[in-house]
Amino acid sequence: MKSVLVAMSGGVDSSVAAALLSEQGYTCHGVMLIMHGYENTADAAAVCAQLNMSFYTVDAQERFHSCIINDFISSYKDGETPNPCVRCNNEVKLSLLLDEADRLGFDYIATGHYARVVRAKEINLLSACAEDESFPRSGSRGEMDGDKISCTDEGFGGKGKRSLLFKGKDKMKDQSYMLYRLSQEQLGRLLLPLGDFDKGEVRRLAGRFDLTTADRDDSQDLCFVPDGDYAAYIEREIGKQKPGAIVTEQGEILGTHNGLINYTVGQRKGLGVALGEPYYVIRKDKERNEIVLGKEEDMFTDSIRLRDINLVAAGEIPADLEVDVQTRYRAPAVRGRLRQMSGGIIDIAFNKTEKAPAPGQSAVFYLGDLLVGGGIVEGKID
RNA sequence: UGGGAUGUAGCCAAGGGGUAAGGCACGGGACUUUGACUCCCGCAUUCGAAGGUUCAAAUCCUUCCAUCCCAG
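Criteria and cut-off values
Sequence order as written defines residue numbering, which begins from 1 separately in each chain. Chains and ligands are labelled sequentially in the order written, the chains with letters from A and the ligands with numbers from 1. pLDDT decides what is reported in this predicted model: residues at 70 or higher carry local features, side-chain atom pairs at 80 or more are listed and counted, and totals for whole chains, interfaces and linings draw on all residues regardless. The side-chain numbers reported here are obtained from all heavy atoms of the structure, hydrogens and water having been left aside. Here, any two strands with at least 2 DSSP bridges between them count as paired. Under the DSSP-based scheme used, a helix requires at least four consecutive residues in state H or I and a strand at least two consecutive residues in state E, with every element numbered from the N terminus. Axis lines are fitted to C-alpha atoms, over the contacting stretch for helices. Their N-to-C directions set the angle, which ranges from 0 to 180 degrees. We call a residue near a molecule or strand whenever a single non-hydrogen atom of that residue lies within 4 Å of it. Any pair of N or O atoms that falls within 3.5 Å is considered a polar contact. Within protein, one atom must be able to donate a hydrogen and the other to accept it, and sequence-neighbouring residues count only if both atoms are side-chain atoms. Any residue that is not Ala, Val, Leu, Ile, Met, Phe, Trp, Tyr, Cys, Pro, Asp, Glu, Lys or Arg is counted as polar, Gly included; the first ten are nonpolar and the last four charged. For our purposes a nonpolar core is just a set of buried Ala, Val, Leu, Ile, Met, Phe, Trp, Tyr and Cys residues, chained together by side-chain atoms within 4.5 Å. A simple rule labels every residue: compare its accessible area, found with a 1.4 Å probe on the protein chains alone, to the largest value its type can have, and call it buried under 20%, exposed over 50%, or partly exposed in between. Contacts are assigned to residue pairs with any non-hydrogen atoms lying within 4.5 Å of each other. By convention in these notes, a salt bridge is any Lys or Arg side-chain nitrogen within 4 Å of a carboxyl oxygen on Asp or Glu. Any angle from 65 to 115 degrees is called roughly perpendicular, while one under 35 is roughly parallel, one over 145 is roughly antiparallel, and all others are oblique.

Draft legend 1. Inspection of the sheet that holds strand S11 (residues 290-294) at higher detail. Reading across the sheet, the 4 strands line up as S9-S8-S11-S10 and stay open at both edges, with mixed pairing between neighbours. The open sheet terminates on both sides in strands that have one partner only, identified here as strand S9 (253-257) and strand S10 (280-285). On average, each strand axis in the sheet is tilted by 30° relative to the strand beside it, whichever way the strands run. Judged from the 5 bridges that link them, S10 and S11 form a sheet pairing that is antiparallel. Each residue of the ladder has a partner; that of Lys-284, found in S11, is Ile-291.

Draft legend 2. Seen up close, the protein's contact with RNA strand B. The immediate surroundings of RNA strand B are formed by 39 residues, with His-113, Gln-220, Gly-276, Tyr-280 and Gln-361 found nearest. For RNA strand B, the fraction of atoms within 4 Å of the protein that belong to sugar or phosphate moieties is 69%. Note that a phosphate oxygen of RNA strand B is positioned 3.3 Å from one of the backbone N or O atoms of Leu-271. Between RNA strand B and the protein, one listed contact pairs a sugar or linking oxygen with a side-chain N or O atom of Lys-355 at 3.5 Å. The greatest single-element share of the surface near RNA strand B, amounting to 3 residues, is contributed by helix H4 (residues 84-104). In terms of residue class, the surface near RNA strand B is made up of 16 nonpolar, 14 polar and 9 charged.

Draft legend 3. Spotlight on the nonpolar core. Ranked by size, the top nonpolar core spans 47 residues in total, and within it Val-92, Ile-109, Leu-165, Leu-190 and Phe-224 carry the most contacts. Elements with a minimum of two residues in this core: strand S1 (3-7), strand S2 (27-34), helix H3 (61-77), H4, strand S5 (115-121), helix H8 (230-238), strand S16 (362-367) and strand S17 (370-380). Leaving out residues up to four positions away in the same chain, Leu-165 has contacts with Ala-115, Arg-116, Val-117, Ser-176, Leu-179, Tyr-180, Leu-187, Leu-192, Val-312, Asp-369, Leu-370 and Leu-371. Of all hydrophobic cores here, the second largest spans 29 residues; its members include Met-32, Ala-110, Tyr-114 and Leu-191.

Draft legend 4. Broad picture of the pattern of salt bridges. For the coordinates displayed, the defined rule picks out 26 salt bridges. Between Lys-199 and Asp-218 there is a salt bridge, and its shortest N-O distance comes to 2.8 Å. Here Lys-199 is found in helix H7 (residues 199-208), whereas its partner Asp-218 is found in the loop between H7 and H8, with 19 residues between them in sequence. Note on Lys-199: relative accessible area 12%, which makes it buried. One salt-bridge network, in which partners are shared between bridges, spans Asp-13, Lys-173, Lys-199, Arg-203 and Asp-218.

Draft legend 5. Expanded view of the packing of H3 against H8. One can describe the packing of H3 onto H8 by two numbers: an axis separation of 11 Å at closest approach and a directional angle of 100°. As far as their axial angle goes, H8 and H3 are roughly perpendicular. Here His-65, Ile-69, Phe-72, Ile-73, Tyr-76 and Lys-77 of H3 lie close against H8, whose contacting residues are Tyr-230, Tyr-233, Ile-234, Glu-237 and Ile-238. Here the residues of the contact of H3 with H8 sort into 8 nonpolar, 1 polar and 2 charged.

Draft legend 6. Looking closely at the side chain of Lys-199. Engagement of the side chain of Lys-199 in a polar contact is seen with the side chain of Asp-218, the distance being 2.8 Å. Setting aside residues no more than four positions away along its own chain, Lys-199 makes contact with Asp-13, Tyr-114, Asp-170, Lys-173 and Asp-218.

Draft legend 7. Structural context of the pairing of S10. In terms of burial, S10 is largely enclosed, as 5 of its 6 residues are buried. Counted along the chain from S10 to the antiparallel partner S11, the turn is 4 residues long, and its residue Asn-289 has a positive phi close to 55°.

Draft legend 8. Broad picture of the sheet that holds S2. Strands sit in the order S3-S2-S1-S4-S7 across an open sheet of 5 strands; the sheet is parallel. At either margin of the open sheet sits one strand with a lone partner, and together these are strand S3 (54-59) and strand S7 (190-191). Pairing geometry for strand S4 (residues 108-110) and S7, over 2 bridges, is parallel. By the bridge assignment for S7, Ile-109 is matched with Leu-190. Seen against the sheet, helix H1 (residues 12-23) touches S1, S2, S4 and S7 and runs at an angle of roughly 170° to S1.

Draft legend 9. Broad picture of the side chain of Glu-80. Tracing the chain through its elements places Glu-80 in the loop between H3 and H4. Side-chain polar atoms of Glu-80 contact the side chain of Arg-307, separated by 2.6 Å. In this view, Glu-80 contacts Ser-75, Lys-284, Arg-307, Pro-359, Gly-360, Val-377 and Glu-378; residues no more than four positions away in its chain are not counted.

Draft legend 10. Structural context of unusual backbone geometry. Unusually for a residue other than glycine, Arg-330 sits at a positive phi of about 65°. Tracing the sequence through the fold places Arg-330 in the loop between strand S13 (321-326) and strand S14 (334-340). Even without being a glycine, Ala-356 presents a positive backbone phi close to 45°.

Draft legend 11. Looking closely at the environment of Val-202. In this fold, Val-202 is placed in helix H7. With relative accessibility at 0%, the residue Val-202 sits in the buried group. Distance in space between the C-alpha atoms of Val-202 and Val-12 is 7.9 Å, their sequence separation being 190 residues. Apart from residues no more than four positions distant in its own chain, Val-202 is found in contact with Asp-13, Val-16, Tyr-114, Leu-194 and Phe-197.

Draft legend 12. Molecular detail of the environment of Asp-221. Along the chain, the position of Asp-221 falls in the loop between H7 and H8. Asp-221 sits in the exposed class, given a relative accessible area of 59%. Through-space distance from the C-alpha of Asp-221 to that of Leu-190 is 25 Å; in sequence the pair is 31 residues apart.

Purely geometric numbers; function is a separate question.
In structure tokens form, the structure reads like this:
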């Protein structure tokens, strides 16, 4: 009987994930990573008790602070807009989960993310372009040419094998974007039992399993900032930020801002300038401590550079591979061609201009439902 | 001080006797495991002030106030 260490959050999704795995015959153990002290330990413990699972907590606060909070703050200080969640999933959550699983001798780790992991043979990304029928486009059970979906896979980590990440069945809830930074080692041991369900089904399952967390609202906002005011959080940590000018690209002064950290590229609200039509942040000028505004049409870009790349579907990208690019979570993808440069850099040329990619955010690219890889937006390419 | 023009919400702005459009900003909500975007809702009992005409005035009349422009 295979054993799984399930990351419990106290929410519906992880609860149902655990219940499903138990039902499938896994020996499940629940763990909650304590990142910041706002976790709902009681609910997670209650669900584990319901499901006859052991439950314990791991103090991850130091790790979370040194990896996530510090990067979050320094990224904002750098004039970028970080996405702490993508980083956390890889560097803290899944990493510690895997450590724990190793320490306790468990076979798998699991979370309640809406995405799918598939163990497959090495694939040829070029075959995707050639409309190859055998190319794994959807990641659904039974379409993997002998390789099985995560939950029943026996031989993870084998030679010539690769763990692929696909979008979840529920395209509205798909969270593969948040997982693009996971390593092969992490994906190789990861089970995502919710990948084949949509949110409504998960809620119904929660009811059927009679889980105490069935009616929990979905989580939202930054987990370590319960009141949602991330800028106030940063100022509590590093002090008041310097005010500066709000200007147009032509240098016209429109107003003042109270610190670059309060703004992000593409932002419209909170600028306090009334110019008859909506204006947006098109750039943050860290050197001059200025926010540069423009009209909607000024936000579009036809190419961006990514750094800090993580490739999931293959070791490298064929030249000019055409993919669907998501420059933000839950945003419609835009078609674009990838060019892998040296040093973990990828340049993307969009087929159609893309609206306001924000430096610091992640761009993730797909072939159909297959997540090819992603990276951090460095900025426009001049 | 003469001459001209203008005063409608935080900003811009329709309306020129019949009971205050719209945009921007702002506030609230929805959406959302980041930040944003987007969407929905709200936002002048009152039109610079005071009088007057009228069944009815932001609209017409009078006076005053304020601002802007041109002269000197």
